[in-house]
Amino acid sequence: MKLLRKLAVGFLVLVAGLSLAAGFVAPYDYARQFRDHSNAPPSHAFLLGTDDLGRDRLSRLLAGSRISLLCAPAAAMAATAIAAAIGMAAGYFGGWLDETATVLTDLFLSLPWLFVLLTLRALLPLNITPWASTAATFLLLAAVGWASGARVVRASVAEMRFAGSILHARACGCSGARLLCFHLLPNLRPVLSAQFWILVPVFLLTEANLGLLGLGIAEPVPSLGNLLADLQNYQRIREAPWMLTPALLLFLIVASLHFVVSGRDTWE
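Residues numbered from 1 in each chain as written. Predicted model: local features only at pLDDT ≥ 70, side-chain atom pairs only at ≥ 80, totals over all residues. Heavy atoms only, no water.

### Here we look at a nonpolar patch on the surface
- Together, L14, L18, F24 and V25 make up a nonpolar patch on the protein surface, roughly 430 Å² of accessible area in all.
- Elements with a contribution of two residues or more to the nonpolar patch: α1 (3-20) and α2 (22-25).
- Following the sequence through the fold, L14 ends up in helix α1. (Patch = residues over 30% accessible without salt bridge, like charges linked within 9 Å, V, L, I, M, F, W, Y side chains within 5 Å. Areas by Shrake-Rupley, 256 points an atom, 1.4 Å probe, with all protein chains shown as cover. Salt bridge = Lys/Arg side-chain N within 4 Å of Asp/Glu carboxyl O. Helix = DSSP H or I, 4+ residues; strand = E, 2+ residues; numbered from the N terminus.)

Rendered as structure tokens:
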């Protein structure tokens, strides 16, 4: 592992550790309001200042990064599981199942992700609870993010189903379910792992876009997305540059994931 990858891994471990321990590390509850200190600059009491409602920005950043860093991988795992199920069934059984899966995959790939998510999220009630909005946001991400992975899995299974080991297992009387679960699925681990790690930063950025538009996780629960909503008032950034901390953290997380996953050493 090269130096840059080690630094990226260390940064991700540090951020994940601080986020998971937000309940112990954060100086205040993320929803607590200090009305006498609204829009306060950084100080000993508030290391990153406070927002319009007097809530501590550092506490909300720690809690928000925990939500995003837990839910984005969960959504990526769900999307990868959907892709594996559809791609394996289509590639192994073929026929009308393959044709149906191909049509669905092409349909989902042709749809613009962000606009579909905006439409679906906007159809939800405005008074939805924060935790329901959290679940809805990442379930929608999983529901629309499986198509590219399903196409790759389908192509891989279609190549492997006539391999010698698969034909031998079929000749020994293995059922289709056993062949899929115990013979094909283990050989798909590299493909599924790649799809998972591709989707994690994509889902992080997509949630950030939804939160920036006010269609992500509902207040008062923070996420990296809705913390970026403060940047809509861009005229205040020059006076309060610490507002850029969530954007900087999101950039560093996505960049670190890229360096870790790509494995390239050209940046060293």
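### Points about the environment of S156
- Along the polypeptide, S156 turns up in helix α7 (residues 147-160).
- Residue classification places S156 among the buried positions, given a relative accessible area of 18%.
- Sequence-distant contacts of S156, defined by excluding residues within four places in its chain, comprise L188 and V191. (Buried < 20%, exposed > 50% of the residue type's maximum accessible area, 1.4 Å probe, protein only. Contact = heavy atoms within 4.5 Å.)

### Description of the environment of L117
- Relative to the helices and strands, L117 resides in helix α5 (residues 113-123).
- For the pair L117 and L20, spaced 97 residues apart in sequence, the C-alpha to C-alpha distance is 27 Å.
- Discounting chain neighbours no more than four positions away, the residues touching L117 are L140, L141, V144, T206 and L210.

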